[in-house]
Amino acid sequence: MKARSFAIVVVSLWMAAAVASAQQAVEQLPGYFPLEDLALFAEGGVEVDVDIQGPMIQMMAAATEEQEPEFGELASQLQRIRVRVGELRGDDQSGVAAEFDRAIGQLEAAGWKAMVRVDEGDELVRVFVKQSSDRIYGLAVIVNDGNEEGVLVNIVGDLDPELVGRVIGSMDRLPDLDELGIVISGDE
Amino acid sequence: MDRQRFEAVVERHQRRVFTLAWYLLSDREDAEDVTQEVLIRMWRSGGGVAPERLEMWLLRVARNASYDRLRSRRSASRVFAADAAHEAAGTVTADGPSPESVVGGSEIGRRLCAALTELREPAKSIVILREIQGLSYQQISDVLELPLSTVRVSLHRGRRRLRELLREVYRHVSVS
Amino acid sequence: MSRSADGANCDAVLELLEAFVDGELEPAEERTVTAHLDDCRACRREHRLAMEIRSRLRSLPEHDAPAKVLWSVRMAAREDGPTVPWRTRLVQWSRRPASAFATASVALAMVVAALVWWQRPAQRPSLDDPEIARAAQETRFALALVGELGRRAALDEVLGRRVVSATVDGVADALRKHLGSERSENENTVTEGPSEKGANG
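Residues numbered from 1 in each chain as written. Chains lettered and ligands numbered in written order. Predicted model: local features only at pLDDT ≥ 70, side-chain atom pairs only at ≥ 80, totals over all residues.

(A) Focus on the overall build of chain C. Tallying secondary structure elements over chain C gives nine helices and zero strands in all. Of the regular secondary structure in chain C, the N- to C-terminal order runs α-α-α-α-α-α-α-α-α. Across the 201 residues in chain C, those meeting the buried criterion constitute 37%. In chain C, the share of contacts with a sequence separation of at least 24, taken over all contacts with a separation of at least 6, comes to 63%. (Helix = DSSP H or I, 4+ residues; strand = E, 2+ residues; numbered from the N terminus. Buried ≥ 20, exposed ≤ 12 C-beta atoms within 10 Å, placed from the backbone. Contact = placed C-beta atoms within 7 Å.)

(B) The arrangement of the overall build of chain B in detail. The helix and strand tally for chain B stands at eight helices and zero strands. Written out in order from the N terminus, the α and β elements of chain B read α-α-α-α-α-α-α-α. Relative to its 176 residues, chain B shows a buried fraction of 44%. Of all intrachain contacts in chain B linking residues separated by at least 6 positions in sequence, the fraction that spans at least 24 positions is 64%.

(C) Region of the structure containing helix H4 (residues 69-77) of chain A. The set of residues buried in H4 of chain A consists of Phe-71, Leu-74 and Ala-75 of chain A. Relative to the axis of H4 of chain A, the buried residues are bounded by an arc of 105° and lie together on one face. (Arc of directions from axis to C-beta.)

(D) A look at the pairing of strand S3 (residues 113-120) of chain A. Residue and element names in this part refer to chain A. By the criterion of burial, S3 is predominantly enclosed, with six of the eight residues buried. In this sheet, strand S4 (residues 123-131) lies alongside S3 in antiparallel orientation, the contact comprising seven bridges. What sits directly across from Asp-119, in S4, is Leu-124. Counting the residues that bridge the hairpin from S3 to S4 gives two residues, and of these Gly-121 lies at a positive phi of roughly 60°. (Pairing = 2+ DSSP bridges.)

(E) Geometry of helix H8 (residues 148-166) of chain B. Helix length check: H8 of chain B (19 residues) gives 27 Å between terminal C-alpha atoms against 27 Å at 1.5 Å per residue, within 8%. What H8 of chain B keeps buried is the set Val-151, Ser-154, Leu-155, His-156, Gly-158, Arg-159, Leu-162, Arg-163 and Leu-166 of chain B. Summarising the contacts, the buried residues of H8 of chain B are in contact with helix H5 (107-118), helix H6 (123-132) and helix H7 (137-144) of chain B together with helix H1 (10-21) and helix H3 (41-59) of chain C. (Expected span 1.5 Å × (residues − 1).)

(F) Structural detail: the packing of H1 of chain C against helix H2 (residues 27-39) of chain C. All names here are of chain C. With their axes 10 Å apart at the nearest point, H1 and H2 run at an angle of 110° to one another. The orientation of H1 with respect to H2, classified from their angle, is roughly perpendicular. As H1 packs across H2, the resulting crossing turns out to be left-handed. In contact with Val-13, Leu-16 and Phe-20 of H1, H2 contributes Glu-29, Glu-30, Val-33 and His-36. Taken together, the residues that form the contact of H1 with H2 break down as four nonpolar, one polar and two charged. (Axes fitted to C-alpha atoms, helices over the stretch in contact; angles between N-to-C directions. Parallel < 35°, antiparallel > 145°, perpendicular 65-115°, else oblique. Left-handed = near helix turned anticlockwise from the far one by under 90°. Nonpolar A, V, L, I, M, F, W, Y, C, P; charged D, E, K, R; others polar.)

(G) Geometry of the confidence of the model for chain B. All names here are of chain B. Summarising the model, chain B shows a mean pLDDT of 79, and 77% of its residues fall at 70 or more. In the model of chain B, helix H4 (residues 84-88) stands out as the element of lowest mean pLDDT, 32, in contrast to H6, which has the highest, 95. Segment residues 76-96 is flagged for pLDDT under 50; beyond a separation of four residues in sequence, or across chains, it makes 28 contacts in the model. (pLDDT = per-residue confidence, 0-100.)

(H) Quick look at the sheet that holds strand S5 (residues 136-144) of chain A. Residues and elements named next belong to chain A. A sheet is described by the order of its strands in space; here six strands give the open sequence S1-S2-S6-S5-S4-S3, paired in antiparallel fashion. Pairing within the sheet leaves two strands with one partner each, and these edge strands are strand S1 (41-53) and S3. Here the strands of the sheet are splayed against their neighbours by 10° on average, with no regard to which way each runs. By the bridge criterion, nine bridges tie strand S2 (residues 78-88) to strand S6 (residues 149-159) in an arrangement that is antiparallel. Within the sheet, the bridge partner assigned to Arg-84 lies in S6 and is Leu-152. Contacts from helix H5 (residues 93-109) reach S2, S4 and S5, with the element oriented near 170° to S5.

(I) Examining the environment of Arg-69 of chain B more closely. Residue and element names in this part refer to chain B. Tracing the sequence through the fold places Arg-69 in helix H3 (residues 54-75). Judged by the 20 C-beta atoms lying within 10 Å of it, Arg-69 is buried. Residue contacts for Arg-69: discarding those within four places in its chain leaves Leu-25, Asp-30 and Val-34.

(J) Here's a closer look at the environment of Gly-45 of chain A. Looking at where Gly-45 of chain A falls in the secondary structure, it is placed in strand S1. Here the alpha-carbon distance between Gly-45 of chain A and Arg-89 of chain A, two residues 44 residues apart in the chain, equals 8.2 Å.

(K) Looking closely at unusual backbone geometry. Residues and elements named next belong to chain B. Put simply, Glu-121 and Pro-122 share a cis peptide bond, and its omega is 0°. Inspection of the secondary structure puts Pro-122 in the loop between H5 and H6. Within the chain, Ser-26 stands out as a residue other than glycine whose phi angle is a positive 55°. Topologically, Ser-26 is positioned in the loop between helix H1 (3-25) and helix H2 (28-44). The class for Ser-26 is buried, based on 23 C-beta atoms found within 10 Å. Residue Glu-145 is not a glycine yet carries a positive backbone phi of 55°. Assignment of secondary structure puts Glu-145 in the loop between H7 and H8.

Put into structure tokens, the structure is as follows:
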């Protein structure tokens, strides 16, 4: 009985170590960027904080693979999804803009390439990508809505660009983003 | 109502709310907005509705919100009723695809959706609630706050009107 | 107004037809209508049409609200009383240096739970599980946001309002190809502005 207990403890510790190293591994992937390091949100300003990883991603992939094979396949290529929405740091809009300039510098210094840029008035959108010639390792999105609210996204994985494009392209368009407290149109 | 329960209620009832709004409005985006509005209103009501009455309450609020939206469309002089000829030609109206068409629906299904938009209230709501959503007369009576007899008569009146609108489409229906 | 051999009036029968289709008539009325339909070809056609329409109506589908709507609703609820999802809470908590043992325990619990769960052959993960459904919605939202930003940026750029720079060969094209027909038709305009196209990372 004692031997069995000991074996269980050893196996358990081994598994725990495996999980810890798996978590470590995600953070070492090229497409991972610690959103906290960008320090764009005011203290206590984060209103939405989503973090999906590990077994949950596997379960999501398995749950969707039959009915939505492309989404399920993409999910199986994902390692981590983070979304943060909240009030931005900075005394005023120019302060916020300065923080974004700094954050963009951080991402570029870390080897991220801007794929989409929008600069209009106080609004700023960047979609950054980390990739090789035929794989996407990560996407990072930063949005300043020009009204002291922001969105940060980091999608980490080993993704087939064609598949990402197809899945995104087939998705319903989002409802008005201002419903989420994000305004990025400003066409007038 | 705590958040966990709220989310369970949202999961359970979102389909009813969205379906009613979409068939009433014939516009997916408007139906999405109404669904969101109704569900958030439920959250803000703070659980003031008894659980057994929640579904009927949601449908009533969804129906009223849809009609507020229709009224504002009309006041903005926008064409609401889908043009039957337009639909008959198989074109997608400016208001987007019908609830039927998104599932690869048949031509007859699309025309049926177009004809539905021609119905007057309360027949239109009653036909949707009864025939598409499968509510009982009593439930519809609760949702719309109408007497049972009115529900029954309006349902039959609505379907009779649909028959008139769709008679041409169904000319091929043979009689054995 | 016509009257068939059974003596019933067509208008009166047609008046009862929908109730007849729903089986809501009194037995005597029902017999009258049935007898009339046996005799009257025009009313029989109307009866068939009424049955067909009712049946078609009942086959019209109900639809789930899109994930983005449910996401948005949840966001609104959260804004009322902001709280952090359990996954995030767990990760944040596990990162505290003082909780190494607790981290190991939680990690172990997660692994064991995951293993036990994977061992159950009959129960595949399903979107019926609210946590999985939520994760899928959140993932969709993150992906849809990327798509939406790309679409809007691309459309505005086509309209001459904004600058979109394509910096990444292949990858950007593959993504963009699916972000709206405006884009692919105006591919040449994508790299206007301070383009870094070719600066492959």
